[in-house]
Amino acid sequence: PEVRYIDYRPGNMCNLKCRMCTPSESHLLHNEMLAYPELQQYYSHPEIDQRYLDLSANYDPTTGELNPQIANHQVFANLQELKVIGGEPTIDPGVHRLLEWVINNGYSKNLKLKYTTNATNLNSQWIDYLSKFRESKANISLDAAGDTYEYIRIPAKWKTVANNVEKIKTIPNSSYNGNMVYSLWNCFTIRDWYHELMRTVDDVECSIS
């Protein structure tokens, strides 16, 4: 069998502590829970499986090592699509190292790169990576706009995110969609943020939480 698609999720390194998130997806929340173990009951129901917490605790993005089962020439020989998720992949050195390996070995020109991002950090290095792939697609997690967005996604600033979404729209050979979870965190203020979100992102997928 040939590998055509990889969903790569190396760890939980993230720059936000979103209210609906868990320690297994944000190292900032994980560190908070280690300091205050009694908080786990508020992060997830049922409580997060210890195996996931162990993986989060042991993830070290500074090691410089690539997983040989992923960074493997046989795996990438016929690959068509690479998807990266965090945490927040744009700030994760482990994700950056994999993309550099893919680019340096000439695979990127034949690949579609998909990534899920909170759009708080659109650094020049990440944009340079995107330019090396045949095409890219951003799945932008938003959940609201304005004050409600900032209440949910701590410590993100909506103005910065909105500006980065506009930049993502201009990247060559790139597409995007917004992803919004309609939940108790945002439903009561929908009249305040709905139209601004629609002006910012005109392609939104919504799920109910």
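Our subject is the structure that appears above.
Computed from a predicted model, the values in this text were never measured in an experiment.

On to helix H9 (residues 190-200). Buried within H9 we find Trp193, Leu197 and Thr200. Projected down its long axis, H9 carries its buried residues within an arc of 55°, all on one side. In H9, those exposed residues whose orientation departs by more than 90 degrees from the buried face are Arg191, His195 and Arg199. Residues of H9 that are buried make contact with helix H7 (146-152), helix H8 (158-170) and strand S7 (174-182).

As judged from the 6 bridges shared by strand S4 (residues 112-117) and strand S5 (residues 135-141), these two strands associate in the parallel manner. Residue pairing for S5: Leu113 is matched across the bridge by Ser136. As a crossover connection, the stretch from S4 through helix H6 (residues 124-131) into S5 is right-handed. Pairing between S5 and S7: 6 bridges, direction parallel.

Our focus in this paragraph is the packing of helix H5 (residues 93-104) against H6. Packing of H5 against H6 brings their axes to within 11 Å, and their N-to-C directions diverge by 35°. As H5 packs across H6, the resulting crossing turns out to be left-handed. Contact residues: Val95, His96, Leu99, Glu100 and Ile103 in H5; Gln125, Trp126 and Tyr129 in H6. A class-by-class count of the residues in the contact of H5 with H6 yields 5 nonpolar, 2 polar and 1 charged.

What follows concerns the packing of H8 against H9. It is the contact of H8 with H9, at a shortest axis distance of 10 Å, that shows an interaxial angle of 30°. In terms of axis orientation, H8 runs roughly parallel to H9. Contacts between H8 and H9 involve Trp158, Ala162, Val165, Glu166 and Lys169 from the first element and Glu196, Leu197, Arg199 and Thr200 from the second. Among the residues making up the contact of H8 with H9, the classes are represented as 4 nonpolar, 1 polar and 4 charged.

Below, the discussion takes up the packing of aromatic side chains. A complete count under the given rule lists 7 aromatic pairs for this structure. Among the aromatic residues, those joined into a cluster by ring pairs are Phe76, Trp101 and Tyr107. One residue, Arg19, lies across the ring of Tyr151, its end atom 3.8 Å from the ring centre.

The next point concerns the pattern of salt bridges. Here the structure, examined in full by the defined rule, presents 8 salt bridges. Ionic pairing is found between Asp143 and Arg153, a salt bridge with its closest N-O pair at 2.9 Å. Pair noted here: Asp143 is in the loop between S5 and H7 and Arg153 is in strand S6 (residues 153-154), with a separation of 10 residues, a long-range link. A residue is classified by how much of its surface remains accessible, and Asp143, at 4% relative accessible area, is buried.

Here is what the cut-offs are and how they apply
Residues numbered from 1 in each chain as written. Predicted model: local features only at pLDDT ≥ 70, side-chain atom pairs only at ≥ 80, totals over all residues. Heavy atoms only, no water. Buried < 20%, exposed > 50% of the residue type's maximum accessible area, 1.4 Å probe, protein only. Helix = DSSP H or I, 4+ residues; strand = E, 2+ residues; numbered from the N terminus. Arc of directions from axis to C-beta. Contact = heavy atoms within 4.5 Å. Pairing = 2+ DSSP bridges. Right-handed = clockwise from strand over helix to strand, strands pointing away. Axes fitted to C-alpha atoms, helices over the stretch in contact; angles between N-to-C directions. Left-handed = near helix turned anticlockwise from the far one by under 90°. Nonpolar A, V, L, I, M, F, W, Y, C, P; charged D, E, K, R; others polar. Parallel < 35°, antiparallel > 145°, perpendicular 65-115°, else oblique. Phe/Tyr/Trp six-rings, centres within 6.5 Å; stacked < 30°, edge-to-face > 60°. Lys NZ or Arg CZ within 6 Å of the ring centre and 35° of its normal. Salt bridge = Lys/Arg side-chain N within 4 Å of Asp/Glu carboxyl O.

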